[in-house]
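Understanding the architecture of this molecule
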Protein chains: 4
Amino acid sequence: MDHLAEMLQTHPHPASSAGDEANACIEAAAECAHVCTVCADACLAEGDVSALAQCIRLNLDCADICALASRLIARPSRRDEPTLEAMLQACARICRACAEECDEHAEHMEHCRVCAESCRACADACDRMAAALVP
Amino acid sequence: MDHLAEMLQTHPHPASSAGDEANACIEAAAECAHVCTVCADACLAEGDVSALAQCIRLNLDCADICALASRLIARPSRRDEPTLEAMLQACARICRACAEECDEHAEHMEHCRVCAESCRACADACDRMAAALVP
Amino acid sequence: MDHLAEMLQTHPHPASSAGDEANACIEAAAECAHVCTVCADACLAEGDVSALAQCIRLNLDCADICALASRLIARPSRRDEPTLEAMLQACARICRACAEECDEHAEHMEHCRVCAESCRACADACDRMAAALVP
Amino acid sequence: MDHLAEMLQTHPHPASSAGDEANACIEAAAECAHVCTVCADACLAEGDVSALAQCIRLNLDCADICALASRLIARPSRRDEPTLEAMLQACARICRACAEECDEHAEHMEHCRVCAESCRACADACDRMAAALVP
């Protein structure tokens, strides 16, 4: 996302002290949203879908929540911070739940192994963003 | 949403004790998501947009968060409940923040008056849904 | 969506001749988005998920496209009409594809039968909305 | 999006001949979705919002359509190709409309100048993806 950092810097009300964390968290959450979407689609295309139903289930929630988190952070002006904190908490939580489920299949499914990595990176980025919000 | 209750009832793993609350919360959040989208568009089409910038700002977050909340509740099977609780909390919070801001403009802007009503109805539905999740 | 018609009527730049069609299309698309989300979740919770993989696959695209269509229509001011036409075409198309796939399972899966009905109602509402846009 | 290419390669039903174009289009559309979201938020935080109302208006549609396009491409298995073609057409169209409007403000608003670049890059990526779908 070459243009993103430039966008955040030219914003008239920048996200103050959390600028670097915001940029990193948008990138991690946008990646995780798409990685989970690919993982759900890949699981649906495997031979034994029933064994992967829980993984698909969590991938879907994780993709939706990450997509919303990255979008909310991309609106740095005049936001309601307690709402953003609750969203970052929800996002870190579902990312870790999805990573744990993907771990179960990682040995046999390369897409689950990569997805777990992306989920953990996003959870950590959400934690850092939340910490940067604290006054 | 005439087909929605029927869908939730034919689900093989229904949302147990929270079935009625789930149906009501999906309807309230889906309505609020669209009402906030119309309100932001209406504010943008008014004469003095600067006076409505904070209202548009909250409408956008509220529309996105309500849209996600209604979708997550529409997936009753094997969900991660702490994630859903954090999402319902975020949704109720942004709905009340948006309603308060809309109240400021309700005397002169009919769309803000109606939007505040829809936001409060959604916040209450989220609270009832969250209470129904408690074991 | 009791507040929706009121919102569309109080918009300062209403959607002119397409007001009734817009209201009906938002309601049909919002319903279909949620019905397809429930159907995918219900299919994932059935015993033989592999037999339903194509149904889940189309449900996911249909839910996302319907959710976007209803949102775009909820912004009646100064829109780019060729973009909206292409979106309504995409929405009607995926709704009919999803309905056909759900028909295959409707005899044994009540949620697929209901979902096919909601998809067809949405496809028809998109066609009527697109026709109302023609100058 | 370091993990994305790896995910697309480990998918059991890869997007055949359009693999490189899919990866590039997801990245361009995901970037554009976030850049347009920042641009709308930045415009709302400027002094004279009324002068930027049309820009905000198109940014919102462009952000939503790009977010959906990137997600649909991230599901390479068993998709309905005419639906994807209509979506890519809608996405390229709104990106070019948004870029033209941003150009009007680019001299005075750095965020509009950067946004126009990201929109044009996404429109081109959608065109290349659509061309790669042709049998």
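Reading the values: rules and limits
Residues numbered from 1 in each chain as written. Chains lettered and ligands numbered in written order. Predicted model: local features only at pLDDT ≥ 70, side-chain atom pairs only at ≥ 80, totals over all residues. Heavy atoms only, no water. Contact = heavy atoms within 4.5 Å. Buried area = accessible area lost by both parts, 1.4 Å probe. Salt bridge = Lys/Arg side-chain N within 4 Å of Asp/Glu carboxyl O. Least-squares fit on C-alpha atoms with pLDDT ≥ 70 in both. Helix = DSSP H or I, 4+ residues; strand = E, 2+ residues; numbered from the N terminus. Nonpolar A, V, L, I, M, F, W, Y, C, P; charged D, E, K, R; others polar. Axes fitted to C-alpha atoms, helices over the stretch in contact; angles between N-to-C directions. Parallel < 35°, antiparallel > 145°, perpendicular 65-115°, else oblique. Left-handed = near helix turned anticlockwise from the far one by under 90°.

1. Here's the deal with the interface of chain B and chain C
Residue-level contacts link 41 residues of chain B with 41 residues of chain C. The contact between chain B and chain C buries some 3500 Å² in all, and 63% of this surface belongs to carbon and sulfur atoms. Together, His3, Met7 and His34 of chain B form the three largest contributors to the area buried by chain B at its contact with chain C, with a combined 19%. At the boundary of chain B and chain C, one finds four salt bridges. We note a salt bridge from Arg71 of chain B to Asp64 of chain C, for which the minimum N-O separation is 2.7 Å.

2. Description of the relation of the copies chain A and chain D
Of the transformation superimposing chain A on chain D, the axial component is 0.0 Å and the angular component is 180 degrees, with the fit at an RMSD of 0.0 Å. On the angle and the small slide along the axis, the relation comes out as a two-fold axis. Within chain A, the C-alpha atom positioned nearest to the axis of rotation is that of Ala30 of chain A, 3.6 Å from it. Mapped onto chain D, 100% of the interface residues of chain A again fall at the interface, so both copies present the same surface.

3. Structural notes on the interface of chain A and chain D
With 41 residues of chain A at the contact, the number on the chain D side is 41 residues. Buried area between chain A and chain D, summed over both chains or domains, comes out near 3500 Å², and the portion from carbon and sulfur atoms is 63%. Of all residues in chain A, His3, Met7 and His34 of chain A give up the largest surface area on contact with chain D, accounting jointly for 20% of the area buried on that side. One can count four salt bridges joining chain A with chain D. For Arg113 of chain D, the salt bridge identified is with Glu6 of chain A, shortest N-O distance 3.2 Å. Those elements that provide at least two residues to the side of chain A that touches chain D are helix H1 (2–10), helix H2 (19–44), helix H3 (53–73) and helix H5 (110–133) of chain A. In terms of residue count, the dominant contributor to the side of chain A that touches chain D is H2 of chain A (eleven residues). Looking at the side of chain A that touches chain D residue by residue, the class counts come to 19 nonpolar, ten polar and twelve charged.

4. Digging into the relation of the copies chain B and chain C
Mapping chain B onto chain C leaves a residual RMSD of 0.0 Å; the transformation is a rotation of 180 degrees accompanied by 0.0 Å of translation along its axis. Taken as a fraction of all interface residues of chain B, those also at the interface in chain C reach 100%, which identifies the copy contact as same-surface.

5. Some thoughts on the packing of helix H5 (residues 110–133) of chain B against helix H1 (residues 2–10) of chain C
Remark: H5 of chain B packs on H1 of chain C, axes separated minimally by 9 Å, with the N-to-C direction vectors making an angle of 160 degrees. Judged by the inter-axis angle, H5 of chain B sits roughly antiparallel to H1 of chain C. Crossing handedness for the pair H5 of chain B and H1 of chain C: left-handed. In this structure, H5 of chain B uses Glu110, His111, Arg113, Val114, Cys115, Glu117 and Ser118 of chain B to contact H1 of chain C, whose residues at the interface are His3, Glu6, Met7 and Thr10 of chain C. Considered class by class, the residues forming the contact of H5 of chain B with H1 of chain C number three nonpolar, four polar and four charged.

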